[in-house]
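Spelled out, the chains give:
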Amino acid sequence: MNTNLKRPIRKAVFPVAGLGTRFLPATKVMPKEMLPINDRPLIQHVFEEAREAGIEEFLFITGRHKNMLEEHFDFQPELEDTLKSRGKTDMLEKVKSSEMPAGALFLTRQPRPLGLGHAVWCAQKLVGDEPFAVLLPDVLIHAKTGCLKQMVDLYAEYGGNLIAVEDVPRAETSKYGIVDTGGDHSAAMPVKGLVEKPNPEDAPSTLSVIGRYILQPEIFAHLAAFETGAGGEIQLTDAMARLINTQPFHAMRFDGKSYDCGSRLGFIEANLAYALADSEIGGDVQRILGEINENLTGKASIKAVS
Ligand code: UTP
């Protein structure tokens, strides 16, 4: 293979300019990506995943009302001084874990939320002519080894373009980008086609794109056509579909469990899963859940008797 298609992944794009309408009114002022899962906001979870994968430059595609996202990664001297003077070293460590290394954060704006494809296109000048990763902050992946690290390891072998996928129920294919792998089930499945939100009867498989991508810079030429697709938005899936026959393109099943934190149910599920797995509070959370459940079933049986 052309060694140009195996260059290391140093940059990651985080599209954070969406409106988060599914979380209104919570997201009227606060960015969706700042909603916390357990003790840290969504954006910090994905930042940590990218850092684990060796990413050196973090490119945020932001929009109006999103300043809080860059603030979150800044040095907060008053807070750190206060924690230091009170001897709260654990808390201090937690605060420091959300600091961006100097010179590593890059920001650009998407003036209008025209779709994920458009948001990624906005990163073109920052990415330049090299391969890069894209992480959707509203998708969390609970895994021993971060999903992007798993991808970077596989990419080192195969190069080209690589997307993480997982199986979804056939009845739900119309909610996702679906991959056609021609029935291949290997570690790196060659992608033959990609369809955005197909009806279950038209879906080429039940493998959905989950929001982690490694892409070659040639994607920008396709995004620049600004063609609208499903939902009237400029879709990343459509531009990726055009790369398929021109460059190696693989899909990878990852080890771990994904949570769609852009939906209320997925967000609640993720919060429960992350809290239950937390060594400090997991036991108490389990007890509280048991109590809530008992309370509800108790009430239900009283209702049934009366
Ligand atoms: P989503 O479609 O899940 O986010 O996009 P949204 O549009 O904000 O959410 P709803 O549907 O209105 O509730 C996935 C990611 O892509 C970003 C979002 O901020 C989110 O992190 N995005 C989406 C952009 O940056 N620009 C866009 O035009 C669309």
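Look up: the structure comes first, before these words.
The structure presented is a predicted model; accordingly, all values stated were derived computationally and were not measured.

### Quick notes on the packing of aromatic side chains
Next up, step 1: Counted by the stated rule, this structure contains eight aromatic pairs.
Next up, step 2: Ring centres of Phe14 and Phe60 lie 5.4 Å apart, and the angle between their planes is 65°; this geometry places the pair in the edge-to-face category. Pair noted here: Phe14 is in strand β1 (residues 11–15) and Phe60 is in strand β4 (residues 57–62), with a separation of 46 residues, a long-range link. No difference in accessibility class separates Phe14 from Phe60, as the two residues are buried.

### Focus: the site of the ligand
Next up, step 1: Taken together, 18 residues are adjacent to the ligand, and Thr21, Glu33, Gln110, Gly115 and Asp138 come closest.
Next up, step 2: Contact distances for the ligand include 3.5 Å between an oxygen atom and a backbone N or O atom of Val16.
Next up, step 3: Asp138 is positioned with one of its side-chain polar atoms (N or O) 2.7 Å from an oxygen atom of the ligand.
Next up, step 4: For the ligand, the protein covers 85% of the area, taking 560 Å² as the surface of the free molecule.
Next up, step 5: Counted by class, the shell around the ligand contains nine nonpolar, five polar and four charged residues.

Parameters and conventions
Residues numbered from 1 in each chain as written. Predicted model: local features only at pLDDT ≥ 70, side-chain atom pairs only at ≥ 80, totals over all residues. Heavy atoms only, no water. Phe/Tyr/Trp six-rings, centres within 6.5 Å; stacked < 30°, edge-to-face > 60°. Helix = DSSP H or I, 4+ residues; strand = E, 2+ residues; numbered from the N terminus. Buried < 20%, exposed > 50% of the residue type's maximum accessible area, 1.4 Å probe, protein only. Near = heavy atom within 4 Å. Polar contact = N/O pair within 3.5 Å; in protein donor to acceptor, adjacent residues only side chain to side chain. Areas by Shrake-Rupley, 256 points an atom, 1.4 Å probe, with all protein chains shown as cover. Nonpolar A, V, L, I, M, F, W, Y, C, P; charged D, E, K, R; others polar.

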